[in-house]
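A closer look at the structure
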2 protein chains.
Amino acid sequence: MKRIVTISREFGSGGRSVGKKLAERLGVKYYDKELVKEVAAETGFDPSYIEETGEHSASKSSWSYLFASPGVPGIMKGMSASDFLWCIQRNVILKLAEEAPCVIVGRCADYILKDRDDCLNVFVHAPLNYRADRIVRLYGESDKSPEQRLKDKDKRRANNYEHYTGQKWGASQNYHLCLDSSVIGIDRCVDLIESLTREL
Amino acid sequence: MKRIVTISREFGSGGRSVGKKLAERLGVKYYDKELVKEVAAETGFDPSYIEETGEHSASKSSWSYLFASPGVPGIMKGMSASDFLWCIQRNVILKLAEEAPCVIVGRCADYILKDRDDCLNVFVHAPLNYRADRIVRLYGESDKSPEQRLKDKDKRRANNYEHYTGQKWGASQNYHLCLDSSVIGIDRCVDLIESLTREL
């Protein structure tokens, strides 16, 4: 039995739905946006800022430095806000993994927990056209084309992952299991991960 | 039901064993070295040359050109031997996929058959230390360290794949399913692929 499942995912692939359903089936905690609350409580940052920066830390807008913020521990001063957030988020993930079985979506959790052997690391992806249809159906239209939204979001996630882990986002070698949700289907992805989690 | 399973694999990961067992379970043909015979019959090349070049075509040693070989069709003249071999191998794979359900290991078959929707494309990988132990157990020691043998072989496969497909070898997005055989185990890999092949 693996205690922890981390799910990394391409935007629009349904990885988040897979994670939520999986956590329900296994009867364990689910963390995604929920992580934001924990981090907000630790840092005093605004939850919407954490939500935006937590997976896109390497973006330019986050290069505001914490030279003089009151309440920031001395050791953190001089770090960029995004590096500071990374440290806190990393500690929160390590703590949650220690506390109880759970499913964690995104946030480089596969890398952060790489020294534990009770984790199953999964990557969910799908071709651009499948994801484009899906995000329009789920989130509606926007000014940008769905393809552009996907490329922008994936690029930011990839940059963030590579910046903090030194690994290539989506390279199969980083994960124990990678699934194309467009061919396998969301529910069958859940079935597969559930059975592996229980059997391994 | 998917008619065809292609298996790409890191050297030493057990992908070939997975493919062989899978073909037995499904009761379908298995092609790996067997492909070499077909290609030899089509080209007149020596089987050992095809074996060496078929997955490592972009290596320097294969830049011998077919300017004047008798028996080579006119359209092929001026091609490098490796490009010629690629064309023949591609045609053989397309023909075999048309003929009957099968499992094909290596040879960029995932890419060559990408326009068919009755294929399941799988990548099998494992960490270096697991594969190093495995190749020493299976193939014995050699002058080079097992880690170096793995790196050399993977690099040649990756170069060949990237040269002929324009895609990144081992990027999860090229495959429907990627499996870490060191964690999942060879037999469970076979189970997973078998059930997906039958269900999809």
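1. Re the overall build of chain A
The secondary structure content of chain A amounts to 9 helices and 5 strands. The linear arrangement of helices and strands in chain A, starting from the amino end, is β-α-β-α-α-α-β-α-β-α-α-β-α-α. Looking at the 200 residues of chain A, the share that counts as buried comes to 53%. Once local pairs closer than 6 in sequence are excluded, the contacts in chain A between residues at least 24 apart make up 67%. About 9,000 Å² of surface is accessible on chain A, with carbon and sulfur atoms providing 50% of the total.

2. Section: the relation of the copies chain B and chain A
Turning chain B through 180° and shifting it by 0.0 Å along the axis lays it on chain A, with an RMSD of 0.0 Å. The relationship between the two copies is best expressed as a two-fold rotation axis.

3. Let's talk about the state of the cysteines
In the structure shown here, the tally under the stated rule is 0 disulfides over all chains. We note that Cys87 of chain A lacks a disulfide partner, and the nearest cysteine sulfur, in Cys108 of chain A, lies 12 Å from it.

4. Notes on unusual backbone geometry
All names here are of chain A. With a phi close to 55°, Cys108 is a non-glycine residue in the positive phi region. With respect to the helices and strands, Cys108 occurs in the loop between β3 (102-105) and α5 (109-112). Note on Cys108: relative accessible area 6%, which makes it buried.

5. Regarding helix α2 (residues 34-43) of chain A
All names here are of chain A. All buried positions along α2 are accounted for by Leu35, Val36, Val39 and Ala40. The buried residues of α2 occupy one face: seen down the axis, they fall within an arc of 135°. Projecting away from the buried face of α2 at angles above 90 degrees are the exposed residues Lys37 and Ala41. Just beyond α2, the residue with positive phi is Gly44, at close to 80°.

Quick notes on the rules
- Residues numbered from 1 in each chain as written.
- Chains lettered and ligands numbered in written order.
- Predicted model: local features only at pLDDT ≥ 70, side-chain atom pairs only at ≥ 80, totals over all residues.
- Heavy atoms only, no water.
- Helix = DSSP H or I, 4+ residues; strand = E, 2+ residues; numbered from the N terminus.
- Buried < 20%, exposed > 50% of the residue type's maximum accessible area, 1.4 Å probe, protein only.
- Contact = heavy atoms within 4.5 Å.
- Areas by Shrake-Rupley, 256 points an atom, 1.4 Å probe, with all protein chains shown as cover.
- Least-squares fit on C-alpha atoms with pLDDT ≥ 70 in both.
- Disulfide = S-S within 2.5 Å.
- Arc of directions from axis to C-beta.

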